[in-house]
Amino acid sequence: MLNKKTLNAIEICVCITKLQHHLSCSTGQLSKTLGLSVSYIEMILRQLKARGVVCAFRGPGGGYKILGDIAQVRIWDIARIFEEDTSALSDSHATPVLVCERGLQEVVKSTLCGFTLADFAEPLSHHIPLEDHTNRFKFKPMAAAWVPNAPNSVFQLHMHS
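Every chain is numbered independently, its residues counted from 1 as its sequence is written. Where totals are concerned, whole chains, interfaces and linings use all residues; where local detail is concerned, this predicted model gives features only for residues with pLDDT of at least 70, and gives and counts side-chain atom pairs only at 80 or more. Excluding hydrogens and water, the side-chain values take into account all heavy atoms of the structure.

(A) Structural context of the overall build of the protein chain. Of the regular secondary structure elements, the protein chain holds five helices and two strands. Going along the chain from the N terminus, every DSSP run of H or I of four or more residues is numbered as a helix, and every run of E of two or more is numbered as a strand. For the protein chain, the N- to C-terminal ordering of α and β elements is α-α-α-β-β-α-α. Of all 161 residues assigned to the protein chain, the portion counted as buried reaches 31%. Contacts in the protein chain between residues at least 24 apart in sequence constitute 64% of all its contacts with a sequence separation of at least 6. Classification of residues uses two cut-offs on accessible area relative to the type maximum, computed with a 1.4 Å probe and protein chains only: under 20% is buried, over 50% is exposed, and between them is partly exposed. When checking whether two residues touch, look at their non-hydrogen atoms; a contact exists if any pair is within 4.5 Å.

(B) Focus on the state of the cysteines. The criterion for a disulfide is a pair of cysteine sulfur atoms lying within 2.5 Å. Evaluated as defined, the whole model comprises zero disulfides. Lacking any disulfide linkage, Cys-25 is separated from the closest cysteine sulfur, that of Cys-15, by 5.6 Å.

(C) Spotlight on the packing of helix H1 (residues 4–19) against helix H4 (residues 75–82). Helix axes are fitted to C-alpha atoms over the stretch in contact, other axes to C-alpha atoms as well, and angles between N-to-C directions run from 0 to 180 degrees. Where H1 contacts H4, the two axes come as close as 9 Å, and the packing angle between them is 140°. Judged by the sense of rotation from one axis to the other, the crossing of H1 with H4 is right-handed. Across the interface between the two elements, Lys-5, Thr-6, Ala-9, Ile-10 and Cys-13 from H1 touch Ile-75, Ile-78, Ala-79 and Phe-82 from H4. Residues are sorted three ways: Asp, Glu, Lys and Arg are charged, Ala, Val, Leu, Ile, Met, Phe, Trp, Tyr, Cys and Pro are nonpolar, and all the rest, Gly among them, are polar. By residue class, the composition of the contact of H1 with H4 is seven nonpolar, one polar and one charged. In this scheme the handedness of a crossing depends on how the near helix is turned from the far one: anticlockwise by less than a right angle means left-handed, clockwise means right-handed.

(D) Region of interest: H4. Of all eight residues in H4, seven are buried; the element is thus mostly enclosed. Every buried residue belonging to H4 is among Ile-75, Trp-76, Asp-77, Ile-78, Ala-79, Ile-81 and Phe-82, and all of these are buried. Of the surrounding secondary structure, the elements contacted by the buried residues of H4 are H1, helix H3 (38–50) and helix H5 (96–113).

(E) Quick look at helix H2 (residues 27–34). When H2 is considered as a whole, its buried residues turn out to be Thr-27, Gln-29, Leu-30 and Ser-31. On its buried face, H2 is in contact with H1, H3 and strand E2 (63–66). One or two positions beyond H2, positive phi appears at Gly-35, with a value near 75°.

(F) Seen up close, the pattern of salt bridges. Salt bridges are defined by distance alone: a side-chain nitrogen of Lys or Arg within 4 Å of a carboxyl oxygen of Asp or Glu. Summed over the entire model, instances satisfying the criterion amount to two salt bridges. Between Asp-77 and Arg-74 there is a salt bridge, with its nearest N and O atoms 3.1 Å apart. By relative accessible area, which is 16% here, Asp-77 ends up buried. The network of salt bridges with shared partners includes Arg-74, Asp-77 and Arg-80.

(G) The nonpolar core, seen in detail. Residues Ile-16, Leu-45, Leu-48, Ile-78 and Leu-117 are the most contacted members of the largest nonpolar core, which totals 30 residues. Of all the secondary structure elements, the ones that give two or more residues to this core are H1, H3, E2 and H4. Broken down by element, this core gets its largest block of residues, eight residues, from H1. Apart from residues lying up to four places away in sequence, Leu-48 is in contact with Ala-9, Cys-13, Val-53, Val-54, Ile-78, Ile-81 and Phe-82. Nine residue types can take part in a nonpolar core, namely buried Ala, Val, Leu, Ile, Met, Phe, Trp, Tyr and Cys, and a core is a set of them joined through side-chain atoms within 4.5 Å.

(H) The arrangement of the pairing of E2 in detail. Note: two strands are recorded as paired if DSSP finds a minimum of 2 bridges between them. Relative to E2, strand E1 (residues 54–57) runs antiparallel, the two sharing four bridges. Of the residues in E2, the one forming a bridge with Phe-57 is Gly-63. Between the end of E1 and the start of E2, which pair antiparallel, lie five residues, with Gly-59 showing a positive phi angle near 90°.

(I) Looking closely at the packing of H3 against H4. Contact pair H3 / H4: the axes reach a minimum separation of 10 Å and the direction vectors enclose 115°. With respect to their mutual orientation, H3 and H4 come out roughly perpendicular. When the axes of H3 and H4 are compared, the crossing they make is right-handed. Contacts between H3 and H4 involve Ile-44, Gln-47 and Leu-48 from the first element and Ile-78, Ile-81 and Phe-82 from the second. Each angle gets one of four labels, with under 35 degrees taken as roughly parallel, over 145 as roughly antiparallel, 65 to 115 as roughly perpendicular, and the rest as oblique.

Below, the structure is given as structure tokens:
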């Protein structure tokens, strides 16, 4: 069966796939969208980046994108990074539970090999809140300057009396 980290990694990649057509995905944006902590997302993205699934861009407008063609990235390519392979254990240590787990792993693997990120690439239909870049220090907006309604010179006194 798939562990929680594997499921979250798949959700992160699907979310990046859906958003990368409009903007690159920052960890803050992924955190707001998926409800996961930024540090947890960064830990998963670090492993995905090391395996060549995603790439990162620094600077303004930076974030993460899927490497390569999304029609070529299978869901199993993401899942196998985080899943423990039980087929490597020798048959002499095979217990009935381990044999059953191997069978389940093969079913899961064959199912996930049948899907790619392109299968989930339709754009998000709900609005994703973007960060407010109006003020770097998050101050309230300044009030409009008050301009007195008074004459500029003695020659305008007759207009304001």
